[in-house]
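# Chain and residue survey
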Amino acid sequence: QVQLVESGGGLVQPGGSLRLSCAASGSIRSIYAMGWYRQAPGKQRELVAVMASGGTTNYAHSVKGRFTISGDTAKNTVYLQMNSLKPEDTAVYYCNAPSVLTTTGGSLEVWGQGTLVTVSS
């Protein structure tokens, strides 16, 4: 069993910053990539940023230059530094690991429970 636990969400004013954290635990052999998705009310879940084990990163166009993903898949952690936040960034943010190799030889996609980010004055 593998779990992702997020933290760091909250209420912030437009232009402010927040840092989200995600830690994976459980029967993990290795993790290839970790990333962040978000889902705003009434909208589909969308990719925000992803980081592969080699350090390659990819961002949604709407967050490029404002958000930075970092961490270490070997240490099963990923962070999302969010700067210059806008009201349209308001959403529940989910940590995701699309391919977790377990100690029992299986492969899982794992999601965190989500953390709410609200950008409002």
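Data block above holds the structure.
To keep things clear, this report deals only with the structure shown in the data block. (Residues numbered from 1 in each chain as written. Predicted model: local features only at pLDDT ≥ 70, side-chain atom pairs only at ≥ 80, totals over all residues. Heavy atoms only, no water.)

What follows is about the nonpolar core. Counting residues in hydrophobic clusters, the biggest one holds 32 residues, and the most contacted among them are Met34, Trp36, Leu80, Met82 and Tyr93. For this core, the element with the highest residue contribution is strand β10 (residues 91–102), accounting for five residues. If near-sequence neighbours (up to four positions away) are discounted, Tyr93 is found in contact with Glu6, Leu20, Trp36, Tyr37, Arg38, Val48, Phe67, Leu80, Met82, Gly114, Thr115 and Val117. (Core = buried A, V, L, I, M, F, W, Y, C linked by side-chain atoms within 4.5 Å. Buried < 20%, exposed > 50% of the residue type's maximum accessible area, 1.4 Å probe, protein only. Helix = DSSP H or I, 4+ residues; strand = E, 2+ residues; numbered from the N terminus. Contact = heavy atoms within 4.5 Å.)

This structure, assessed with the given rule, holds three salt bridges. Notably, a salt bridge pairs Asp89 with Arg38, separated by 3.0 Å at the nearest N-O pair. Of this pair, Asp89 sits in the loop between β9 (77–82) and β10 while Arg38 sits in strand β5 (residues 33–39), placing them 51 residues apart in sequence. When salt bridges with common partners are traced through the structure, they connect Arg38, Glu46, Arg66 and Asp89 into a single cluster. (Salt bridge = Lys/Arg side-chain N within 4 Å of Asp/Glu carboxyl O.)

By definition, the strands of a sheet pair up through backbone hydrogen bonds, in either a parallel or an antiparallel sense. Taken in spatial order, the four strands of this open sheet run β1-β3-β9-β8, and their pairing is antiparallel. At either margin of the open sheet sits one strand with a lone partner, and together these are β1 (2–7) and β8 (67–72). Adjacent strand axes in the sheet meet at a mean angle of 15 degrees, parallel and antiparallel pairs treated alike. Relative to β9, β8 runs antiparallel, the two sharing six bridges. Each residue of the ladder has a partner; that of Asp72, found in β9, is Thr77. (Pairing = 2+ DSSP bridges. Axes fitted to C-alpha atoms, helices over the stretch in contact; angles between N-to-C directions.)

Moving on to the side chain of Thr102. Within the secondary structure layout, Thr102 lies in strand β10. Those residues in contact with Thr102 that sit more than four places away from it in its chain are Val2, Ser27, Arg29 and Leu108.

Remember that the coordinates give geometry; whether it matters functionally is a separate question.
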